Amino acid sequence: MNPLYDRLFGAHEGKSTPFLLLPSGDVLHHGDFLKMAAQFAHVVTHAGLQPGDRLAAQVEKSPQALALYAACVQAGVVFLPLNTAYTRDELKYFVENSGARLMVCDGADEDDLRPMAQSLAAQLVTLNGDGTGSLPHAAQTQPETFQTADRTEDDLAAFLYTSGTTGRSKGAMLTQANLLSNAETLVEHWRFTAQDVLIHALPIFHTHGLFVATNVTLLAGGAMIFLPKFDPDMIIARMPEATTMMGVPTFYTRLLEEARFDRDLARHMRLFISGSAPLLAETHIRFEDRTGHRILERYGMTETNMSTSNPYEGERRAGTVGFPLPGVELKVTDPDTGKELPRGEVGQIEVRGANVFKGYWQMPEKTAAELRADGFFITGDLGIQDADGYVTIVGRNKDLIISGGYNIYPKEIEMVLDAQPAVSESAVIGVPHKDYGETVVAVIVPQKDQTAATDQLLSACAEQLARFKHPRKIVTVDALPRNTMGKVQKNLLRETYKDLFVTA
Ligand code: MLC
Ligand code: AMP
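All figures in this text were calculated on a predicted structure; none of them were measured in a lab.

### With respect to the nonpolar core
F33 and L55 are the most contacted members of the largest nonpolar core, which has 115 residues in total. For this core, the element with the highest residue contribution is helix α3 (residues 63-75), accounting for 10 residues. There are two domains that each give this core at least three residues, and those are domain 1 (3-151) and domain 2 (207-396). Once residues within four sequence positions are removed from consideration, F33 is found in contact with F9, F19, L20, L28, P63, L66, A67 and A70. One finds L80, A117, V423 and F468 within the second-largest nonpolar core, a separate group that totals 41 residues.

And the structure:
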């Protein structure tokens, strides 16, 4: 028994139904995809990995990369996908912290990563974006079936790292039941069937692209137009074959910039879904005016999978994230006391259900701080539930920036900037950005009688942090605004710099 494998993958073994529709026009059928996954599972287990061991993968999006996820589920190995933008320093932390025994990287990074892998006693194999590499090479001679490892619903399926307000990333432990229960709920809620063809242009190293999009499609038995990245030309060209699309708000604002994206092109589509960051009500309205479709906005998190969704039938309300999903309890609490607040009051959103993760890997204090003993998870998002039950996210009780759907924790960037000799202190904030929703601005105070050169600060960031986390603007000030307790007033900084990028 391996519930996640059996339901998502095993159910399609031997089938010649289409699964991945590729940019080349090729179609990868379910059965062939699963043969590849089985061959990968052999390579992974021959490397000595046992059920429960971790495999870290920093690879480009490809059918093979997705087969690696399937292989891990089949072999009972915990899958740890990593953003391709992460630097070597960032990667080292994830591999070390998770104790991953096998790393899969792009061939171009192999020489750079090998000493690090060796120092952490992790094996290293390669998988390139074009499907070549030492992993697929070794897989070629392996059997096309694999004895699925026994697992229970409570066993771990994946670790997804999320940064924290202290700057140290936490490995969110997701069980088979977390993933499966959420996929089941979403398939039903959003009416996915084997006839669906989803435009998949998201990365597959985060919850949205890997679990929401892929697991839902797999469970329903449908197909995905599997694109390497968001590219409006490609999406517009392939839309006639699709029935549904999932994306972050930037996908929708960018599509609206294309005159070719019109009512005729979208007429046959069944559903457009948005999440991972706030979709402006204005975008929702413009999208409906252009296409006649109301985007269905949902709300989730790495730790909770999806928690709320606007209805499939019924009113999809712009600016809201809809209702708690079936099986998910949601309450709005006072951030100071943890007491539940009456409907209509703004507070911290907490959720409980089979969707909620098991805790942070080897961080019992952080787990205890966010996951209550009664099972409610404190999301750190501020919201309000109206009289009709619609939930609106109004802000965050955590110091977090979301740029184009990627989470950026200011603390991580401040730590890099503060370590620079010319910097006395820094405050990193998110400001509105037309394309990314929010973007990163660093406000720095130089050391007395020193000038902090922007290019030096940026090169320090480049060395240590993924590109999407880099400040898009560095502002120098004499002093940071502080309250009477000495705490930096980031709200004042956000107000001061709010217009820097709105017309960008
Ligand atoms: C890329 N870049 C970004 C960026 N993405 N910078 C800031 N924010 C981003 N999101 C940088 C690149 O490093 C590059 O830098 C430049 O921008 C252009 O690169 P690109 O490859 O052309 O990227 P672009 O097309 O701009 O990508 C934007 C995007 C992409 C929005 C299409 O970021 C994306 O696919 N985002 C989806 C993220 C996602 O899946 N989130 C889900 C998390 S799960 P330069 O300057 O060197 O050229 C989650 C839970 C839930 O949140 O509820 O779903
Ligand atoms: P991540 O940790 O990458 O999973 O990001 C989760 C965070 O994304 C949540 O805590 C929210 O702050 C944000 N988020 C996800 N979906 C939405 C949405 N529809 N509206 C507003 N914020 C969202």
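Now that the structure is up, let's keep going.
### Points about the state of the cysteines
Within the structure shown, the criterion is met by 0 disulfides. Free of any disulfide, C72 has its nearest neighbouring cysteine sulfur in C105, separated by 15 Å. Here C72 falls in the buried class, since its relative accessible area comes to 0%.

### Here's the deal with the site of ligand 1
Neighbouring ligand 1 are 24 residues; R254, S276, R298, S403 and R467 lie closest to it. Taking R254, its side chain carries an N or O atom lying 2.9 Å from an oxygen atom of ligand 1. Within the contact set of ligand 1, a nitrogen atom lies 3.0 Å away from a backbone nitrogen or oxygen of G404. Notes on ligand 1: free accessible area 1,000 Å², of which the protein chains cover 76%. Elements with a minimum of two residues in the shell around ligand 1: α8 (207-220), α10 (249-256) and β13 (296-301).

### Here's the deal with the sheet that holds strand β23 (residues 423-433)
Read across the open sheet, the 3 strands follow the order β23-β24-β25; overall the sheet is mixed. The sheet terminates laterally at β23 and β25 (473-476), the two strands that pair on one side only. The average angle at which neighbouring strand axes cross in this sheet is 25 degrees, direction not considered. Strand direction decides the pairing type here: β23 and strand β24 (residues 437-446), joined by 10 bridges, are antiparallel. By the bridge assignment, A427 is partnered in β24 with V443. Here helix α14 (residues 410-418) sits on the sheet and contacts β23 and β24; the angle it forms with β23, its principal contact strand, is near 145 degrees.

### Some points on the site of ligand 2
Close to ligand 2 lie 15 residues, the nearest being R298, T302, D381, K398 and N407. Here S276 contributes a backbone N or O atom positioned 3.1 Å from a nitrogen atom of ligand 2. One of the backbone N or O atoms of T302 is found 2.6 Å from an oxygen atom in ligand 2. Here ligand 2 has 500 Å² of accessible area as a free molecule, and 92% of this is covered by the chains. With 5 residues, the single largest contributor to the shell around ligand 2 is β13. Here the residues of the shell around ligand 2 sort into 6 nonpolar, 4 polar and 5 charged.

### Describing the packing of aromatic side chains
Scanning the model with the defined rule gives 21 aromatic pairs in all. Between F94 and Y161 the ring centres are 4.9 Å apart and the planes differ by 55 degrees, which places this aromatic pair in the tilted class. Taken as a pair, F94 in helix α4 (residues 88-98) and Y161 in strand β7 (residues 156-162) lie far apart in primary sequence, 67 residues in all. With a relative accessible area of 5%, F94 lands in the buried category. Residue Y161 is classed as buried on the basis of its relative accessible area, which comes to 9%. Seen in terms of ring centroids, F159 and W361 are 5.0 Å apart; in terms of plane orientation they differ by 50 degrees. Their pairing is tilted. On the criterion of sequence distance, the pair formed by F159 in strand β7 and W361 in the loop between β18 (359-360) and α13 (364-370) is long-range, its members being 202 residues apart. The ring centre of F226 lies 4.8 Å from the NZ or CZ of K61, which sits over that ring.

### Section: the pattern of salt bridges
Considering all chains together, one arrives at 32 salt bridges under this definition. As a salt-bridge pair, K170 and E370 come within 3.1 Å of each other at their nearest N and O atoms. Remark: E370 occurs in helix α13 and K170 occurs in strand β8 (residues 170-175); sequence separation between them is 200 residues. Each of E315, R317, D386 and D388 takes part in a single network of salt bridges with overlapping partners.

Criteria and cut-off values
Residues numbered from 1 in each chain as written. Chains lettered and ligands numbered in written order. Predicted model: local features only at pLDDT ≥ 70, side-chain atom pairs only at ≥ 80, totals over all residues. Heavy atoms only, no water. Core = buried A, V, L, I, M, F, W, Y, C linked by side-chain atoms within 4.5 Å. Buried < 20%, exposed > 50% of the residue type's maximum accessible area, 1.4 Å probe, protein only. Helix = DSSP H or I, 4+ residues; strand = E, 2+ residues; numbered from the N terminus. Domains from an automatic or database assignment. Contact = heavy atoms within 4.5 Å. Disulfide = S-S within 2.5 Å. Near = heavy atom within 4 Å. Polar contact = N/O pair within 3.5 Å; in protein donor to acceptor, adjacent residues only side chain to side chain. Areas by Shrake-Rupley, 256 points an atom, 1.4 Å probe, with all protein chains shown as cover. Pairing = 2+ DSSP bridges. Axes fitted to C-alpha atoms, helices over the stretch in contact; angles between N-to-C directions. Nonpolar A, V, L, I, M, F, W, Y, C, P; charged D, E, K, R; others polar. Phe/Tyr/Trp six-rings, centres within 6.5 Å; stacked < 30°, edge-to-face > 60°. Lys NZ or Arg CZ within 6 Å of the ring centre and 35° of its normal. Salt bridge = Lys/Arg side-chain N within 4 Å of Asp/Glu carboxyl O.

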